[in-house]
Amino acid sequence: MGDTVTFIGFGEAGRAFATGWPGGAPRAFDIKTGDTVVRAAQLASYEQAGVIGHESAASALSGAAAVFCLVTADQAVGAAKNYGPLLEPGALWLDMNSVAPDTKRTAAEAIEAAGGRYVDVAVMAPVHPAGRAVPLLVSGPHADEARELLACCGFTNIRDAGTQMGRASAIKMVRSVLVKGLEALTAECVLAAEAAGIRDEVLASLDASWRETSWTERADYNLDRMIVHGLRRAAEMDEVVKTLDALGTGSAMARATAERQRDVGKRHLRSPQGLEAKIEAVLDSRKDQAA
């Protein structure tokens, strides 16, 4: 599965999946290739991962039997609508973006109308350091073919989520209510504890009641995720809100989580080592903003 596979969108996940690809080198196209500011870095990214970078989506998709779509959440539907007409008839479009089931169904309509075969793939854990061992959920009418393809491409942790389009993403979106929500709640807690001068006491109290993991380690990890990926996680939580609104179960916490993730992510901080340094970086950025 080499040159017949194309990555549309080639950021962190694309690099993690493509590096060490079995067989011939896959193709890749990312719109950042056309941005003069980041073009050199994007070309270097292609080379480092061992993929064949293309200047246009049309050339990258020509003859491709399978496409891994790994764009940002807000571009998932646009990519399907813009690039669907460029697909070879019957090509598999594996949408691995973290978006709501309704968003995936809209993208699926565009791909299927263009003659492609759409597959809902949910990536259920961070892509680093797992790479192609990351857990995947696959759903939709073409899930069987997609699982076979993924296995041939070296993915080793693939689960069937059924034939219903959007079911894999529904599982991920609802799960994210808790996973991303805990990150946001943790940040709110430790930042307030630091401002009150009671961080050690609060964390010790949490350790006493929740012993599975040190809350200092948990807070450090969660705050790191928000600093590094806050904007992307906020975009995913926006999709979680859509999911919950469609279910009619309420989305107040999900909306607040999106706001908190976005608030930290938009500061574009470099994540330092250690919880204390991370807290200081976020609080200092707030002081600078207020000044």
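In what follows, the accompanying structure is described. (Residues numbered from 1 in each chain as written. Predicted model: local features only at pLDDT ≥ 70, side-chain atom pairs only at ≥ 80, totals over all residues. Heavy atoms only, no water.)

1. Quick look at the layout of surface pockets
It is a probe the size of a water molecule, rolled over the atoms, that shows where empty space is left.
Thought 1: The calculated volume of the second largest pocket comes to roughly 160 Å³.
Thought 2: Along the walls of the second largest pocket sit 13 residues, with P101, R105, A170, T243 and L247 positioned nearest its centre.
Thought 3: Residues belonging to the lining of the second largest pocket are distributed by class as follows: six nonpolar, three polar and four charged. (1 Å grid on protein atoms, 1.4 Å probe; cavity = no way out; pocket = protein on both sides within 12 Å on 5 of 7 lines; lining within 4 Å. Points joined across faces, edges and corners; volume = space filled by probe spheres on them. Nonpolar A, V, L, I, M, F, W, Y, C, P; charged D, E, K, R; others polar.)

2. Focus: the nonpolar core
Thought 1: Formed by 31 residues in total, the largest nonpolar core has its most connected members in F7, F17, F68 and L94.
Thought 2: Residue contacts for L94: discarding those within four places in its chain leaves V67, F68, C69, V119, V121, A146, L149 and L150.
Thought 3: With 20 residues, the next largest nonpolar core counts I8, A79, A110 and I111 among its residues. (Core = buried A, V, L, I, M, F, W, Y, C linked by side-chain atoms within 4.5 Å. Buried < 20%, exposed > 50% of the residue type's maximum accessible area, 1.4 Å probe, protein only. Contact = heavy atoms within 4.5 Å.)

3. Concerning the environment of P101
Thought 1: Within the element layout of this structure, P101 appears in helix α5 (residues 101-113).
Thought 2: Look at P101 and you get buried, because its relative accessible area is 7%.
Thought 3: Residues P101 and M165, spaced 64 residues apart in sequence, show a C-alpha to C-alpha distance of 7.6 Å. (Helix = DSSP H or I, 4+ residues; strand = E, 2+ residues; numbered from the N terminus.)

4. Focus: the side chain of R260
Thought 1: Structurally, the position occupied by R260 is in helix α10 (residues 252-265).
Thought 2: Beyond its immediate sequence surroundings of up to four residues, R260 is in contact with A184, E188, L191, M226 and R286.

5. Here we look at the packing of aromatic side chains
Thought 1: Counting across every chain of the model gives eight aromatic pairs.
Thought 2: Geometrically, the ring pair formed by F7 and W21 is edge-to-face, given 5.5 Å between the ring centres and 80 degrees between the ring planes. Separated by 14 residues along the polypeptide, F7 in strand β1 (residues 5-8) and W21 in the loop between α1 (12-18) and β2 (27-29) bring together distant segments of the chain. For the pair F7 and W21, a shared accessibility class is recorded, and that class is buried.
Thought 3: Taking 5.9 Å as the distance between ring centres and 20 degrees as the angle between the ring planes, the aromatic pair formed by F68 and F155 counts as stacked. Here F68 is found in strand β4 (residues 66-69), whereas its partner F155 is found in the loop between α6 (143-152) and β8 (158-160), with 87 residues between them in sequence. Here the two residues F68 and F155 agree in accessibility, since each one is buried.
Thought 4: Pairwise contacts between aromatic rings join F7, F10, F17, W21, Y46, F68 and F155 into one cluster.
Thought 5: We note R218 situated over the ring of W215; from NZ or CZ to the ring centre the distance is 4.9 Å. (Phe/Tyr/Trp six-rings, centres within 6.5 Å; stacked < 30°, edge-to-face > 60°. Lys NZ or Arg CZ within 6 Å of the ring centre and 35° of its normal.)

6. A look at the state of the cysteines
Thought 1: This model, assessed by the stated rule, comprises zero disulfides.
Thought 2: The thiol sulfur of C69 is not disulfide-bonded, and the nearest other cysteine sulfur, from C153, lies at 16 Å.
Thought 3: You can call C153 buried: its relative accessible area is 0%. (Disulfide = S-S within 2.5 Å.)

7. A short note on the packing of helix α4 (residues 76-83) against α5
Thought 1: In the contact formed by α4 and α5, the axes pass within 8 Å of each other and the chain directions differ by 5 degrees. Accordingly, the angle class assigned to the pair α4 and α5 is roughly parallel. Seen from α4, the contacting residues are A76, V77, A80 and K81; seen from α5, they are T103, T106, A107, A110 and I111.
Thought 2: For the contact of α4 with α5, the per-class residue count stands at six nonpolar, two polar and one charged. (Axes fitted to C-alpha atoms, helices over the stretch in contact; angles between N-to-C directions. Parallel < 35°, antiparallel > 145°, perpendicular 65-115°, else oblique.)

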